[in-house]
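Coordinate analysis (summary)
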Amino acid sequence: NLSTGYESTHRTKMARVALVLTICFMGFYPSLAWSSNSNHTDFLSCLSTKIPSQLVLTPSSRSFKPLLVSSIRNARLVAPATASPPLCIVTPTQASHVQAVVRCGRSHRVPVRVRSGGHDNEGLSYRSATPNGEAFAVIDLSKFNAVRVDAHAATAWVDSGTTLGELYYRVATAAPGLGFPAGVCPTVGVGGLISGGGMGLMMRKNGLSADNVLDATMVDAEGNLLPDKKAMGDDLFWAIRGGGGGNFGIVLSWKLRLVPVPPKVAFFNVTKTMDQGAVDAVTKWQTIAPALPEDLSVRVVIQKRQATFQSLYLGNCSAVVATMRSRFPELGLTRGDCKEMSWLQHKAYLYFGDTSKNMPLEALLLNRSMTIGPFVKNKSDYVKKALTRDAWKKIFLWPDSGAVGQLILEPHGGMMSRIADDYTPFPYRSGVLYNIQYVEFWNGTGGHGTPKWLSGLYDDFMAPLVSKSPRGAYVNYRDLDIGVNKVVGGVTSYETAKVWGERYFGLANFKRLAKIKRKVDATDYFRNEQSVPPLLLI
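Residues numbered from 1 in each chain as written. Predicted model: local features only at pLDDT ≥ 70, side-chain atom pairs only at ≥ 80, totals over all residues. Heavy atoms only, no water.

Per an unreviewed UniProt entry, the protein chain goes by the name FAD-binding PCMH-type domain-containing protein and belongs to Aegilops tauschii subsp. strangulata.

Here it is in structure tokens:
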């Protein structure tokens, strides 16, 4: 109790305590500063007394490298991940294992990174992007993949290591008529997706994935198990729903609000070349798509000088064709372009295409294995004012320098425009027309830099056309080019982190996240090259 009225001796003691705490938070307190001389052997010994040995793999194990690369799809990240591997990978099967890793890590000064699905665009959930960076351990949550559906309550408890394919399949089979708003790729981990927000084709109707989180269970920076949002408090519960993964603790499971879906949904996939009016169609799409009925989302994939329009309509083909003919005749949609299928079939069809016709849904959606693809680099933007036709023509004709460039445009509007920018840390709500994801694919043996097509288009051409002050970006499309952290005296610098943090979360939301970080992880135990820093009191 530090109340007023103490005698002077107690005030002196209080001042000394305050000084020590300030020094500690500034990163100069010796017992909490990370050191390259940390006793890694003692850390591993600590784990051996608390976790079954088969769940802790070190680089000397034959199974270590296959596990490390098991969820890496981006060839650009394989060499960096394997060249400086983590001290170990732990695959916990219960909460106490996660608690043990955090507590052993704190005791022996070994930080941890957490991987749910492994789709981090810069690989920060399993590798360090800093040359000669501090040693770390990885908690791989792939065995935390239970889905417990309560059809009557229209809710589900979903573990963070569950993939989207597993989530969709378990929900649809346990509770027909219910679904969940989330992304396209079935091997993305639920934990990472929700931690960053979770965009998808149902967000215009139901909001982001994170908007539909009702509760959660997590392990904090001290290794304590927080069983629900009451134990977390309002601030921490706010932060984990869109404030980025690997910042505040390790979320083990999420209680999700499930949403109604009809027995059949409508899907179309219409491609137009430039000669067929692709430029005009995309130009008009910018203002039409955010204003369409909320049951209908139409995204665009632009590649090789053509545009593909893909839909999800929570209704039948007759209705969506009539709507598109009335609102968007430039697309030229016909009844023959439209297919009706179940909501679950749509999840498979959108990603796998016609392949999904010949394979059981469980074989597609429950398969966690991935093959390493080409080198890939991603960036993102938010658009608040429609680009001109001339701008789109230049984008379609932008030279690709021998690589394959792709733009994915995701419409906002609907429910997204009615949710406050500070409801969760995800700030891009009102006034946003759509999000752009830039993707470049190439083959090669290097690839640590940003390719010319992407850097030229993103840096040189798009900057004046997209959101500004700050230029927005989506944390789940992580991009180290926009800024990396600097650690000063053992704690991440807020000033350097602002450069990228305000672009992901906006000025006010990022500052609030940093204040929460100070409350729940003042010594910056959970950190990486783009982790939220503790905003220290000076």
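This part is about the overall build of the protein chain. Helices and strands together make up the secondary structure of the protein chain, namely 18 helices and 20 strands. Relative to the compact-globule value of 24 Å for 538 residues, the protein chain shows a C-alpha radius of gyration of 24 Å, a close match. Judged by the C-alpha coordinates and their principal axes, the protein chain covers about 80 × 55 × 45 Å. Looking at the protein chain as a whole, 57% of its 538 residues are labelled buried. Counting only contacts in the protein chain whose residues sit at least 6 apart along the sequence, the fraction spanning at least 24 positions is 75%. (Helix = DSSP H or I, 4+ residues; strand = E, 2+ residues; numbered from the N terminus. Rg over C-alpha atoms; globule rule 2.2 N^0.38 Å. Buried < 20%, exposed > 50% of the residue type's maximum accessible area, 1.4 Å probe, protein only. Contact = heavy atoms within 4.5 Å.)

On to the state of the cysteines, then. Tallying each qualifying case throughout the model produces 2 disulfides. Disulfide pairing places Cys46 opposite Cys104 at an S-S distance of 2.0 Å. One disulfide, between Cys46 and Cys104, carries an S-S torsion of -75° and so falls in the left-handed class. Of the two residues, Cys46 is situated in helix α2 (residues 40-48) and Cys104 in helix α5 (residues 95-107); the sequence distance between them amounts to 58 residues. Each member of the pair, Cys46 as well as Cys104, carries the same accessibility label: buried. Linked covalently through their sulfurs, Cys317 and Cys338 form a disulfide whose S-S length is 2.2 Å. One quick way to see it: the torsion about the S-S bond of Cys317 and Cys338 is about -85°, and its sign makes the bridge left-handed. Note that Cys317 is positioned in helix α12 (residues 317-327) and Cys338 in strand β15 (residues 338-341), a separation of 21 residues in sequence. (Disulfide = S-S within 2.5 Å.)

It is worth spelling out the sheet that holds strand β3 (residues 112-115) at this point. Spatially, the 4 strands line up as an open sheet ordered β1-β2-β4-β3, and their pairing is mixed. Each of the sheet's edge strands pairs with one partner strand only, and the pair in question is β1 (56-57) and β3. Sheet topology places strand β2 (residues 89-90) next to strand β4 (residues 137-140); 2 bridges connect them, and they run parallel. Of the residues in β4, the one forming a bridge with Ile89 is Val138. (Pairing = 2+ DSSP bridges.)

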